[in-house]
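A look at the structure
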Amino acid sequence: MLDLRQYNSLGAALRDALERWPDETCLIEADREREDSRLTYRQFKEAALPLARALQDLGFSGGGRAAIIMTNQSKWLLSAYAIFYAGGVLVPLDFKLSAREHLQLLSHSKAEVLIVEHYLWRGITQTEGFKDLKVGTVLVTEAPAGVDLAGARRWEEAKGRGEPAFVPRGLKDMACIVYSSGTGGRPKGCVLTHENYLEQCMALTALYPFWPGVRYLSILPTNHAIDFMVGFIGPFTCGAAVVHLRTLRPEYVRTAFPRYKITYMSLVPMVLKNLERGLKERFAELPRHKKLVLDCLIALNRMLTRRRPKLGLSRRLLPQVHNAFGGELRALFVGGAFADPSTLQFFYDLGIQVANGYGLTEAGTAVTLNDFKPFRADTVGKPLPGMEVRIIKPNPEGIGEVAVRSKTLMPQYLDDSEMTAETIIDGWLMTGDLGYIDPTGHLYLVGRVKNMIVTEGGKNVYPEDIEAAFEGLAVKEFCVFAANYIWPERTVLGEKLIIVLRLEQGQEFTEALREDLATRNRGLPDFKRLSGYVIWPTDFPRTTSMKIKRALLAESIGERLQRQSVMVEL
Amino acid sequence: MRRTLKQTIDEILSLAATHFKVPKEQLTPEDDFFKKLGIDSLQALELLTRLENHFQVELPDYEMQGVTDFRTLAERIQTRL
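Rules of the game
Residue indices begin from 1 for each chain and proceed along its sequence in written order. Chains carry letters from A onward and ligands carry numbers from 1 onward, assigned in written order. Whole-chain, interface and lining totals are the exception, using all residues; otherwise, since this is a predicted model, local features are given only for residues with pLDDT of at least 70 and side-chain atom pairs are given and counted only at 80 or more. Only DSSP runs of H or I covering at least 4 residues are called helices, and only runs of E covering at least 2 are called strands; the numbering of each starts at the N terminus. Exposure classes come from backbone-placed C-beta atoms, where a residue is buried if 20 or more other C-beta atoms lie within 10 Å of its own, exposed if 12 or fewer do, and partly exposed in between. Contact between two residues is assigned whenever their backbone-derived C-beta positions fall within 7 Å. The globule rule is 2.2 Å times the number of residues to the power 0.38, and the radius of gyration it is compared with is taken over C-alpha atoms. Domain delimitation follows an automatic or database domain assignment. Residue polarity is assigned by list, with Asp, Glu, Lys and Arg as charged and Ala, Val, Leu, Ile, Met, Phe, Trp, Tyr, Cys and Pro as nonpolar; anything else, Gly included, falls into the polar class. In this scheme, strands are said to pair when DSSP sees at least two bridges between them. Among buried residues, those of type Ala, Val, Leu, Ile, Met, Phe, Trp, Tyr and Cys that are joined through C-beta atoms within 7 Å form a set called a nonpolar core. Any helix carries an expected span of 1.5 Å times its number of residues minus one. Axes, fitted as lines to C-alpha atoms, cover a helix only where it is in contact. Angles between the N-to-C directions of the axes lie from 0 to 180 degrees. Helix crossings are classified by the rotation of the near helix relative to the far one: an anticlockwise turn of less than a right angle makes the crossing left-handed, while a clockwise turn makes it right-handed. As a per-residue quantity, pLDDT reports the predictor's confidence and falls between 0 and 100. In these notes the angle categories are as follows: under 35 degrees is roughly parallel, over 145 is roughly antiparallel, 65 to 115 is roughly perpendicular, and the rest is oblique.

**A closer look at the overall build of chain A**
Tallying secondary structure elements over chain A gives 19 helices and 28 strands in all. Dimensions of chain A, computed from C-alpha atoms along their principal axes, come out at roughly 75 × 65 × 50 Å. Among the 570 residues that make up chain A, the fraction classed as buried is 50%. Once local pairs closer than 6 in sequence are excluded, the contacts in chain A between residues at least 24 apart make up 70%.

Here's what the structure looks like:
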């Protein structure tokens, strides 16, 4: 791999990578069972540089901000490289957000360029507030012939002539603005520097190396912090290849492993569980004697790999299982949310290492990772090289808020010094997660200090962000909470959101109100939906500026009501 | 002959009932299929593949974004028939 200590920016490192391995494959794009494209590093460079030049011809210069909103595909990486080459700051936006949220974050980030997939652009142009969009240049990918692009240009035609100028950036310069959440009025734009990414890349590739010939299967969108690191920067700075699958459908994910001889893959717990379910179904269909043999082999593998993984041995003991994954799989990275220990153990017993960890955008990507020495399904692993983790104000059991310090830590939230000061204290990032460290240095997560949930799909959901969907509800006031924030439970699995309703004097909770609540709830993306409601008998406590005192309200509810007695299914 | 929306809905309900092993009589077009079938978004995508094969159309994953009930799903499919 490249010696990343010698580089000051992602753009410079990627530029050298393209020169170093010109004939190696760097990108394969597949959709269902079709292969759409395949590029070597040389071809990648030949495709990206004309785009960089086109951006520069359109006035984009060093320090300028460019947003990408795209599903998982090659054009994402080509566009990102062109932006870095031109010295730009990348704003990767989650394509699953609504068009309204896209507009809000484009405005907040002050992006001057937007590169967007056509169906998403169509949604943006049809949204109230589109006329106020201040992005100067919009490049739209995959637009059908003849459609009105509402002032945008076609990405495929954005090819400038002549060499673009490479614009160098410094270690401390902003590389990306990544929104960890907060579209509901106070966007949390994590400013990540080139140093943050280079340091993180060195730490991760020290544990999980890439090299030419390695194939990484990418199913998460590249705006996801994990995929950006292990599905772009990591493999590219090592001459490896990234296989983009443009569908998340389990049947095509399964067949991609053997087809492309995948080495690594990142996924969120929900996808991991789906793979587990698929395997278990196949095991259950086996004739009884074969199932018995399989169970014995799994038990034997478990015993022989108790102290450390032995990939070669596991592949020999359980060839059918490993061949179903292509025979060359070294590890699955799971992140974005807490993975169920029983699922991790299931895969480990088959000889498939699932590297579970813990991370947050504010800390680069990963903070801890399981090192398999030995495998510990119940923890989120040990701190990565260069990461300091400590527990703030531990209780007698050693449980307290997890704090992190490292060179991968973001310096600030974009344009929000107040939130930055609350989050980074004396150089330590206060994560808002509760945990403890055992004597062997493994971190355990047991809950959250903050009012938020993380779904199995890896989405952070802040209750404040979804309150807009309930505005106008016929009640006196309402407030959304993470149930665990009101009634703390020692778990970060199966977290739920609830709405607290304060009715008008004499108002009854009618069927019409319940129906309105349920209808609005159904209109939300599945990961943002409420699980139940609570009727609260008194007015909410408020600050002098009339903001709800959420912590105080949560405390009062927790004291007066039992969790089980008030949760009513919506 | 082109299917009507009603026919499309009916066929979707039949396929969903078979795939997820629930009695078809328990399903209605307005049902939130995540809740009614107790499935996650990946299982909903699995259903989408079944529907693609049945209706002989191709639906990008994003067509499922924000869709939670059988009727809306049928409308999305109907536009491509």
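Read on, since the account is not over.
**Structural notes on the overall build of chain B**
Along chain B, the regular secondary structure elements total 4 helices and 0 strands. For chain B, the α and β elements follow one another from N to C terminus as α-α-α-α. Here the C-alpha radius of gyration of chain B, 11 Å, is about what a compact globule of 81 residues would show, namely 12 Å. The principal-axis extent of the C-alpha atoms belonging to chain B is close to 30 × 25 × 20 Å. Intrachain contacts of chain B at a sequence separation of at least 6 include 54% that bridge at least 24 residues.

**Overview of the domain arrangement of chain A**
Many structure descriptions define interface size as the accessible area lost when the parts assemble. Residues and elements named next belong to chain A. Each assigned domain of chain A is listed with its residue range as follows: domain 1 (4–260), domain 2 (268–448) and domain 3 (462–569). On a C-alpha basis, the centroid separation for the pair domain 1 and domain 2 is 27 Å. Counting from both sides, the interface comprises 31 residues of domain 1 and, opposite them, 32 residues of domain 2. The set of elements that each furnish at least two residues to the side of domain 1 that touches domain 2 consists of β8 (174–181), β9 (188–193), α6 (194–207), α7 (225–236) and α8 (250–260). Counting residues per element, the side of domain 1 that touches domain 2 draws most heavily on α6, which supplies 9 residues.

**Notes on the interface of chain A and chain B**
The interface of chain A with chain B comprises 15 residues on the first partner and 13 residues on the second. Of all the secondary-structure elements, those providing two or more residues to the side of chain A that touches chain B are α8 and α9 (269–284) of chain A. Its residues assigned to classes, the side of chain A that touches chain B comprises 6 nonpolar, 4 polar and 5 charged.

**Focus: the pairing of β9(A)**
All names here are of chain A. With 6 of 6 residues buried, β9 lies mostly within the body of the structure. Of the two faces of β9, both are covered, the one formed by K188, C190 and L192 as well as the one formed by G189, V191 and T193. Two elements, β9 and strand β19 (residues 412–413), share 2 bridges in a ladder whose sense is antiparallel. Paired with V191 across the two strands is Q412, which belongs to β19.

**Digging into the nonpolar core**
One broad rule of soluble globular proteins: the nonpolar side chains tend to lie buried together. All names here are of chain A. Counting 196 residues, the largest nonpolar core has A82, L90, V243 and V500 as the members making the most contacts within it. Top element by residues in this core is helix α3 (residues 74–85). It accounts for 9 residues. Once you skip the residues sitting within four places of it in the chain, L90 turns out to touch A66, I68, A80, I83, F84, A175 and C176.

**So, unusual backbone geometry**
Following K373(A), the chain continues to P374(A) via a peptide bond in cis, the omega torsion being 0 degrees. Mapped onto the elements, P374(A) comes out in the loop between β15 (366–369) and β16 (382–383). Of note in the backbone geometry, K21(B) takes a positive phi value of approximately 55 degrees without being a glycine. The residue K21(B) is located in the loop between α1 (5–19) and α2 (33–37) in this model.

**So, helix α2 (residues 41–57) of chain A**
All names here are of chain A. With 17 residues, α2 extends 24 Å from end C-alpha to end C-alpha; this agrees with the ideal 24 Å at 1.5 Å per step. Looking only at α2, the buried set comprises Y41, F44, K45, A48, L49, L51, A52, R53, A54, L55 and Q56. The inward-facing, buried residues of α2 abut α1 (10–20), β1 (25–31), β2 (34–40), α3 and β5 (113–117). Just past α2, the residue G59 takes up positive phi, approximately 100 degrees.

**Remarks on the packing of α1(A) against α3(A)**
All names here are of chain A. Relative orientation of the contacting elements α1 and α3 amounts to 120 degrees, with a least axis distance of 8 Å. For the pair α1 and α3, the sense of crossing is left-handed. Side by side, α1 and α3 meet where L10, G11, L14 and R15 of the first sit next to Y81, F84 and Y85 of the second.

**Considering the pairing of strand β10 (residues 215–218) of chain A**
Residue and element names in this part refer to chain A. Burial along β10 is two-sided: the face carrying R215 and L217 and the face carrying Y216 and S218 are both buried. In the sheet, β10 pairs with strand β11 (residues 241–245) via 4 bridges, with the strands oriented parallel. Within the sheet, the bridge partner assigned to R215 lies in β11 and is A241.

**A few points about the confidence of the model for chain B**
Atomic detail in the predicted coordinates should be set aside for any region of low pLDDT. Here chain B averages 89 in pLDDT, while 99% of its residues score no lower than 70. Confidence estimates for the predicted assembly give a pTM of 0.87 and an ipTM of 0.85.

**A word on the environment of D69(B)**
Residues and elements named next belong to chain B. Here D69 is to be found in the loop between α3 (41–55) and α4 (70–78). Put simply, D69 and K35 are 34 residues apart on the chain and 9.7 Å apart in space, counted from C-alpha to C-alpha. Contact partners of D69, with chain neighbours within four places excluded, come to E30, D31, D32 and F33.

**Structural notes on the packing of α1(B) against α4(B)**
Residues and elements named next belong to chain B. Look at α1 against α4: their axes get within 9 Å of each other, and the N-to-C directions meet at 120 degrees. As judged from the angle between their axes, α1 and α4 are oblique. With respect to the hand of their crossing, α1 and α4 are arranged in right-handed fashion. Contacts between α1 and α4 involve L5, T8, I9, I12 and L13 from the first element and F70, R71, L73, A74, E75, I77 and Q78 from the second. Residues that form the contact of α1 with α4 fall into these classes: 8 nonpolar, 2 polar and 2 charged.

**Re the sheet that holds β10(A)**
One open sheet holds the 9 strands; their spatial order is β2-β1-β11-β10-β12-β13-β14-β15-β16 (chain A), and the pairing between them is mixed. Whereas interior strands pair on both sides, the edge strands pair on one side only; in this sheet they are β2 and β16 of chain A.

**Quick notes on the environment of V404(A)**
Residues and elements named next belong to chain A. On the secondary structure map, V404 appears in strand β18 (residues 400–405). When the 26 C-beta atoms within 10 Å are taken as the criterion, V404 is described as buried. For the pair formed by V404 and G312, sequence separation is 92 residues and the distance between their alpha carbons is 36 Å. In this view, V404 contacts A363, V367, M387, E388, V389, L409, W428, L429 and T431; residues no more than four positions away in its chain are not counted.

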